[in-house]
Amino acid sequence: MSALLVREAGVFRHFSGFKVFRRKVHGSGLIRFVFRHRWMKVLPFWSGCRRMSSRSNKEAVDLSVFPVERIRNFCIIAHIDHGKSTLADRLLEITGAISAADKNRQVLDQLQVERERGITVKAQTASLFYSHQGAPHLLNLIDTPGHVDFSYEVSRSISACQGVLLIVDANQGIQAQTVANFYLAFEAQLAIVPVINKIDLKNADPERVEAQIEKVFDIPRDECIRISAKLGTNVDKVLEAVVERIPPPAVQPDSPLRALVFDSNFDHYRGVLANVALFGGSMKKGDRIMSAHLMKTYEVQELGILRPHETPASKLFAGQVGYVIAGMKDVKEAQIGDTLFHQDRPVEPLPGFKPAKPMVFAGMFPMDQSEYSGLRSAIERLTLNDSSVAVQKDSSLALGAGWRLGFLGLLHMEVFNQRLEQEFNASVIVTAPTVPYKALLSSPKLIKEHGGEELTIVNPAQFPDRSVISQYQEPIVIGTILAPDLYTGKIMALCLNRRGVQKNMVYIDDQRVMMKYLFPLNEIVVDFYDLLKSMSSGYASFDYENAGYQAADLIKMDILLNGRPVEELTTIVHKERAYSSGKAMCERLRDSIPRQMFEIAVQAAIGSKVIARETIKAYKKNVLAKCYGGDITRKMKLLKRQAEGKKKMRRIGNVDVPKDAFISVLKRKDK
Ligand code: GTP
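Residues numbered from 1 in each chain as written. Predicted model: local features only at pLDDT ≥ 70, side-chain atom pairs only at ≥ 80, totals over all residues. Heavy atoms only, no water.

1. Description of the packing of aromatic side chains
Moving on, step 1. Applying the stated rule across the entire model yields 13 aromatic pairs.
Moving on, step 2. Geometrically, the ring pair formed by Phe66 and Phe129 is stacked, given 5.5 Å between the ring centres and 20° between the ring planes. Of this pair, Phe66 sits in the loop between α1 (45-59) and β5 (71-78) while Phe129 sits in strand β6 (residues 124-132), placing them 63 residues apart in sequence.
Moving on, step 3. For Phe66, a relative accessible area of 8% translates into the label buried.
Moving on, step 4. Relative accessible area serves as the criterion here: at 29%, Phe129 is assigned to the partly exposed category.
Moving on, step 5. Relative to Phe519, the ring of Tyr517 has its centre 5.6 Å away and its plane inclined at 25°; by these criteria the two rings are stacked. (Phe/Tyr/Trp six-rings, centres within 6.5 Å; stacked < 30°, edge-to-face > 60°. Helix = DSSP H or I, 4+ residues; strand = E, 2+ residues; numbered from the N terminus. Buried < 20%, exposed > 50% of the residue type's maximum accessible area, 1.4 Å probe, protein only.)

Structure, rendered in structure tokens:
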């Protein structure tokens, strides 16, 4: 069925079942849509409009019944998989925001990749109506992601809240992201309600977890609430604690409007939907508002709360969290951290937050240059909803035109890639990921050309020669590892092997150790976490945060296939590691490239000097050679299978390389 666009006060809506028949410009300047339905010959615009307005009037909620003292804004934070989304589901269910039919469907994880991978990637807001001691309360909850790559989502969600529910798994206890998230909330001076989840599990040990919480976070154990989000046990106590322990927002209702944009989404029909927290004043439909960042004026077309679906409201008041649609065409207009205010009452902007900093860069190219424009629009549309991806045009001799994209981490990059494939059917070549290195230029000519001494390198192909620099620098992070002490020896060996420098080590109870290490980012970004998990039978957890740059002896290493450099595999390595990492990459390529009709030499080289070599032997025989005469079906099958296999290959010279080899080749196998 076709969709019909109806323009109502600048807001685009679509109805299915109708077909746009003709578009007329009305004398008043309004665009009139005249449309046909299967059953109706012609239906004028106005009847659609009437229906729309009556619908929105009926749905518009009156939020004036919630004075500031009856509002609570909080987010749910935890280590990955400790049950945030399950608890959010239960809270939505108890307060009637979702029906029992949606039970256990993790309604706040709306993206296909979130459901498939069982992880939260994007923070989601939901407003709940809850009656406490007979008084109606408005509770705004934000469900946040747990993985370290998305901690930016946590920090900006925190800025819209006065409290957090800190969830800890009763079986696993405090983990690395529990510590990291606790400090985010603690530094923002939010009320922290500790919740011990999964008490229904056989191995649950809530006493031990309470003791850990007391020791590590200095929160008295009797403040912990023991729950099972899955079964709903004690979830009502969590709601009571939200009202009793989290303070209402400290705002002045009579002050001018000050709304913080803490998230934004792009809707193809209606433009940007900005998630806002009102720190002062109020906002209603028709208001003329300005953004402090761009100083552009907009008219509020719709506003409301998320329950978790958009529910229009007649007005948003100080202290409330909701959404605003104001005809912004691009998420860049609703910059995260920006302040919105009334055009005629300018205010001092709120402090906002630092923009997300990409930690991993990779080239992204279409499999075939004819798919370039399709891929461009897919990347544009995806980045509209994910402003933390940095996009820069790139091109290379071997791969043609493409982009260099910056991500918050490797999981973020994988999720982006998966969404490109699933939501836009785009097939891409991704080059080996690299971290942003720096070089301090020494040549006055280059400094002048570049406009400064410091050069950031996000593409190994642009790595400057040693002769024109005074120093190379690599990004470093401070990593937190939590694990049972049984594995301490193995973990320390792994960290040492990754050039880690130990900073601290404490016992959080009689069995678990917390270690802090300074690591070069490139040593941990690809596979460190997987290795840590597997060597600790899944019991260790890891989190890291930026710790600046340090001087490093870096060199560029090329990989050659039959003498031809493979641009996607060019990497920057630490000099100390060049030989071992070149050798390991050649070995892994040897194992991941299928044998072909001829011998293939795989080499690692620094400049013109080859430092490692492996050989992929040729097929001994042609598998198709014997398929003649009556064997035609078998021959067709083999040819089809070969053709299908080749679609997932990239041809370099005359060698076919599997698409995923470019990333898997970087994964080391530490003992
Ligand atoms: P991320 O968003 O990826 O960080 O995960 P999360 O913290 O939102 O965890 P999620 O709610 O997705 O739950 C992770 C797993 O734990 C799921 O398989 C849930 O069914 C399970 N789970 C959550 N709460 C409970 C509980 O109270 N008891 C038991 N037994 N399992 C639970």
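Moving on from the model shown.
2. Let's talk about the packing of helix α4 (residues 151-158) against helix α5 (residues 176-187)
Moving on, step 1. Where α4 meets α5, the axes come as close as 10 Å, and the angle between the chain directions of the two elements is 25°. When the axis of α4 is compared with that of α5, the two are roughly parallel. Handedness of the crossing formed by α4 with α5: right-handed. Contacts between α4 and α5 pair Ser151, Val154, Ser155 and Ile158 from the former with Asn181, Leu184 and Ala185 from the latter.
Moving on, step 2. Here the residues of the contact of α4 with α5 sort into 4 nonpolar, 3 polar and no charged. (Axes fitted to C-alpha atoms, helices over the stretch in contact; angles between N-to-C directions. Parallel < 35°, antiparallel > 145°, perpendicular 65-115°, else oblique. Left-handed = near helix turned anticlockwise from the far one by under 90°. Contact = heavy atoms within 4.5 Å. Nonpolar A, V, L, I, M, F, W, Y, C, P; charged D, E, K, R; others polar.)

3. Quick look at the packing of helix α2 (residues 84-94) against helix α7 (residues 235-245)
Moving on, step 1. Two elements in contact, α2 and α7, have axes whose closest approach is 10 Å; the angle formed by their N-to-C orientations is 85°. By the angle between their directions, the pair α2 and α7 is classed as roughly perpendicular. Of α7, the residues touching α2 (which contributes Leu87, Arg90, Leu91 and Ile94) are Val235, Asp236 and Leu239.
Moving on, step 2. A per-class count over the contact of α2 with α7 returns 5 nonpolar, no polar and 2 charged.

4. Some thoughts on the pairing of strand β26 (residues 454-457)
Moving on, step 1. Covered by surrounding structure in β26 are Leu455 and Ile457 only, the residues Glu454 and Thr456 on the alternate face being uncovered.
Moving on, step 2. Here strand β25 (residues 437-441) runs beside β26; their pairing, made up of 4 bridges, is antiparallel. Note that in β26 the partner of Lys438 across the bridge is Thr456. (Pairing = 2+ DSSP bridges.)

5. Looking at the side chain of Ser228
Moving on, step 1. With respect to the secondary-structure elements, Ser228 resides in the loop between β10 (225-226) and α7.
Moving on, step 2. Taking relative accessible area as the criterion, Ser228 reaches 1% and is therefore assigned buried.
Moving on, step 3. A distance of 3.1 Å separates a polar atom in the side chain of Ser228 from the backbone nitrogen of Leu231.
Moving on, step 4. In this structure, Ser228 is in contact with Asn197, Lys198, Ile199, Asp200, Thr233 and Val235, ignoring residues within four places of it in sequence. (Polar contact = N/O pair within 3.5 Å; in protein donor to acceptor, adjacent residues only side chain to side chain.)

6. As for the confidence of the model for the protein
Moving on, step 1. When pLDDT is averaged along the protein, the result is 81; 80% of the residues meet or exceed 70.
Moving on, step 2. This model gives residues 1-58 a pLDDT under 50, and the stretch forms 89 contacts once residues within four places in sequence are excluded. (pLDDT = per-residue confidence, 0-100.)

7. A word on the pattern of salt bridges
Moving on, step 1. If you walk through the whole model with that rule in mind, you get 24 salt bridges.
Moving on, step 2. Between Arg156 and Asp263 there is a salt bridge, with the nearest N and O atoms lying 3.0 Å from each other. Highlighted residues: Arg156 in helix α4 and Asp263 in strand β11 (residues 258-267), separated in sequence by 107 residues. In terms of burial, Arg156 and Asp263 fall into one category: buried.
Moving on, step 3. One salt bridge in this structure joins Arg270 and Glu302, with 3.7 Å as the shortest N-O distance. Taken together, the residues Arg270 in the loop between β11 and β12 (271-280) and Glu302 in strand β16 (residues 302-306) connect sequence positions 32 residues apart.
Moving on, step 4. Relative accessible area serves as the criterion here: at 13%, Arg270 is assigned to the buried category. (Salt bridge = Lys/Arg side-chain N within 4 Å of Asp/Glu carboxyl O.)

8. Regarding the nonpolar core
Moving on, step 1. In terms of nonpolar packing, the biggest core is built from 55 residues, with Met364, Phe416, Leu420, Ile481, Ile491, Phe519 and Phe528 touching the most fellow members.
Moving on, step 2. A domain split of this core shows at least three residues from each of domain 4 (360-430) and domain 5 (437-552).
Moving on, step 3. Residue contacts for Leu420: discarding those within four places in its chain leaves Met364, Leu375, Ala378, Ile379, Leu382, Asn425, Ala426 and Val428.
Moving on, step 4. Membership of the second largest hydrophobic core comes to 35 residues, among which are Cys75, Phe217, Val321 and Met514. (Core = buried A, V, L, I, M, F, W, Y, C linked by side-chain atoms within 4.5 Å. Domains from an automatic or database assignment.)

9. Remarks on the pairing of strand β28 (residues 501-507)
Moving on, step 1. Pairing between β28 and strand β29 (residues 512-520): 6 bridges, direction antiparallel. When the bridges of β29 are listed, Tyr507 appears paired with Val513.

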